[in-house]
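Each chain is listed here by its residues.
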Amino acid sequence: MTAAADSGLAGSMPDCVSDPTTLCAKVYELSGIDWLANNAEALIEKPAKILLVVVMAAVVRLLLHRAIRRLTDRTATGSMPTILRPLRNRAAAGGGDPLEQVAARRTQRAEAIGSVLRSFASFVVMGIAVVLVLGELGINLAPIVASAGVVGVALGFGAQNLIKDFIAGIGIILEDQYGVGDVVDLGEASGTVEAVGLRITRLRDVNGVVWYARNGEILRVGNKSQGYAQVVIDMPVAHDTDLERCRTVMQEVADGMYAEDEWAAVLLAEPESLGVEQILSEGVFMRVQVRSTNADQWRVGRELRMRLKERFVAEGIKTPPPLIGASSGAAAAGAR
């Protein structure tokens, strides 16, 4: 019976046993099952390759996400710009940090950049993995690639504005051209940014009107809220004014405001009274400037103008009289 069984087993041996280096021969040697050896490629080799592709794709995706996270964390915790360090030093005595908004903005930007980069990395890695798995399954990829190319060309022509908006949106986020809360001038629309997306930017102007601007149509951006703001005030005075005395008074007013604790958290540098800026027929314009945080520039400007006006009245510094042409024109308009 043993001899008969051995002869029957030998008769059912697969042909691949003749080459001991093949997977079929090794499977038959280990299991002694002919059908498993004959189907070793389909049952063992291909699943093993597919599993290897999936595992490698997951590992590569994990490593890329980790690298992107480290990069964005470094961006979020980078060093403070040199121009803003005096503000931190002045506010340190008070126990508070007025630059928290800067840090929060940097963190939000880093998170947005990281999200975009991680999504792109996942799409590329998983796309390559799917193509490799389909190839292992024996699916002909030529028609799929050709169809994808035709669809890509069609989308490129039909949705080119959409693609342009998305690419411009990624550039805006990566370059930190503006962020939520910034006051910007986009040309036709200006106001406070309420949302920055990959396709559109939403902002609200001083009248409360909400504007939606496509990122691909934004050609230039004037950001009034990035880094720091320079408050520049031109005060008109009469031609017979003692200009040196006027310049000294303006410097004293600005220095007094700079020395107050209330304004120590928003003024970044000592004010400068620059003197005469313009000499026109209606009067002489004296300029003073002070550097402040971007969020408080308008409040600083209003307060400084009010103090300058009150001090001018107290010092007897006269403002230019109204033009005769303007007065007569106003009177004529009133008569009509």
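One can find the structure itself at the top, above this paragraph.
Okay, so let's go over this structure. What you see is a predicted model, and the numbers here were worked out from it, not measured in a lab.

Now for the overall build of the protein. Of regular secondary structure, the protein possesses 12 helices and 8 strands. When the 336 residues of the protein are sorted by exposure, 29% land in the buried category. For the protein, the proportion of contacts with a sequence separation of at least 24, taken over those separated by at least 6, is 60%. Looking at the protein as shown, the accessible area adds up to about 20,800 Å², and 60% of this sits on carbon and sulfur atoms.

Pairing is possible between side chains that carry opposite charge, provided their charged atoms lie close to one another. In the structure shown here, the tally under the stated rule is 14 salt bridges. The residue Arg202 makes a salt bridge to Glu194 at a minimum N-O spacing of 3.2 Å. Residue classification places Glu194 among the partly exposed positions, given a relative accessible area of 27%. Across the salt bridge formed by Glu303 and Arg307, the nearest N and O atoms sit 2.7 Å from each other. Taken together, the residues span about one helical turn, with Glu303 and Arg307 both in helix α11 (residues 297-315) at a distance of 4 residues. Take Arg307: its relative accessible area is 18%, and that puts it in the buried class. One network of salt bridges, with partners in common, ties together Arg245, Glu252, Arg311 and Glu315.

This paragraph deals with the sheet that holds strand β1 (residues 183-185). Pairing is antiparallel across the open sheet formed by 5 strands, whose spatial order is β4-β3-β2-β1-β5. Bordering the open sheet on either side are β4 (210-214) and β5 (222-223), each of which pairs with just one other strand. By the bridge criterion, 2 bridges tie β1 to β5 in an arrangement that is antiparallel. Across the sheet, the residue bridging to Asp185 is Gly222, located in β5.

Here the focus is the sheet that holds strand β7 (residues 272-280). The 3 strands lie next to each other as β6-β8-β7, forming an open sheet whose pairing is antiparallel. The sheet is open, and its two edges are formed by β6 (229-237) and β7, each paired on a single side. Looking at each pair of strands side by side, their axes are set apart by 25 degrees on average, direction ignored. Examined bridge by bridge, β7 and strand β8 (residues 283-292) share 7 bridges and lie antiparallel to one another. Bridge pairing links Leu280 to Gly283 in β8. On the sheet, helix α9 (residues 243-259) packs against β6, β7 and β8 and is oriented at approximately 25 degrees with respect to β8. Sitting on the sheet, α11 is in contact with β6 and β8, with an inclination near 25 degrees to β6.

The N-to-C vectors of α9 and α11 enclose an angle of 135 degrees; their axes lie 10 Å apart at closest approach. The orientation of α9 with respect to α11, classified from their angle, is oblique. At the point where α9 passes α11, the crossing takes the right-handed sense. In this structure, α9 contributes Arg245, Cys246, Val249, Met250, Glu252, Val253, Ala254, Gly256 and Met257 to the contact, and α11 contributes Val300, Glu303, Leu304, Arg307, Leu308, Arg311, Phe312 and Glu315. Its residues assigned to classes, the contact of α9 with α11 comprises 10 nonpolar, 1 polar and 6 charged.

A word on α9. In this model α9 runs 24 Å from its N-terminal to its C-terminal C-alpha over 17 residues, within 8% of the 24 Å that 1.5 Å per residue would give. Restricting attention to buried positions, one finds in α9 the residues Cys246, Val249, Met250, Gln251, Val253, Ala254, Met257 and Tyr258.

Looking now at the side chain of His65. When you line up the elements, His65 lands in helix α4 (residues 40-76). In contact with His65, not counting residues within four places along its chain, are Arg118 and Ser122.

Basis of the calculations
- Every chain is numbered on its own, with residues counted from 1 as its sequence reads.
- Restriction of local features to residues with pLDDT of at least 70 applies here, the model being predicted, together with a cutoff of 80 or more for giving and counting side-chain atom pairs; totals for whole chains, interfaces and linings are based on all residues.
- Side-chain numbers come from the whole structure's heavy atoms, not from hydrogens or water.
- The helix and strand labels rest on DSSP assignments: H or I over at least four residues marks a helix, E over at least two residues marks a strand, and numbering proceeds from the N terminus.
- Each residue is placed in one exposure class: buried if its accessible area under a 1.4 Å probe, protein chains only, is under 20% of its type's maximum, exposed if it is over 50%, and partly exposed if it falls in between.
- Contacts were defined at the residue level, with two residues in contact if any of their heavy atoms lie within 4.5 Å.
- Under the convention used here, a 1.4 Å probe and the Shrake-Rupley method define accessible areas, while residue burial counts only the protein chains that appear.
- Salt-bridge detection follows one rule: a side-chain nitrogen of Lys or Arg within 4 Å of a carboxyl oxygen of Asp or Glu.
- Any two strands with at least two DSSP bridges between them are considered paired.
- Axis definition: a line fit to C-alpha positions, over the contact stretch in the case of helices; interaxial angles, taken between N-to-C directions, run 0 to 180 degrees.
- Here roughly perpendicular refers to angles of 65 to 115 degrees, roughly parallel to angles under 35, roughly antiparallel to angles over 145, and oblique to all remaining angles.
- Helix crossings get a hand from a simple test, with the near helix turned counterclockwise from the far one by less than a right angle marking a left-handed crossing and a clockwise turn marking a right-handed one.
- For this scheme, ten residues count as nonpolar: Ala, Val, Leu, Ile, Met, Phe, Trp, Tyr, Cys and Pro. Four count as charged, namely Asp, Glu, Lys and Arg, and the remainder, Gly too, count as polar.
- Take the number of residues in a helix, subtract one, and multiply by 1.5 Å to get its expected span.

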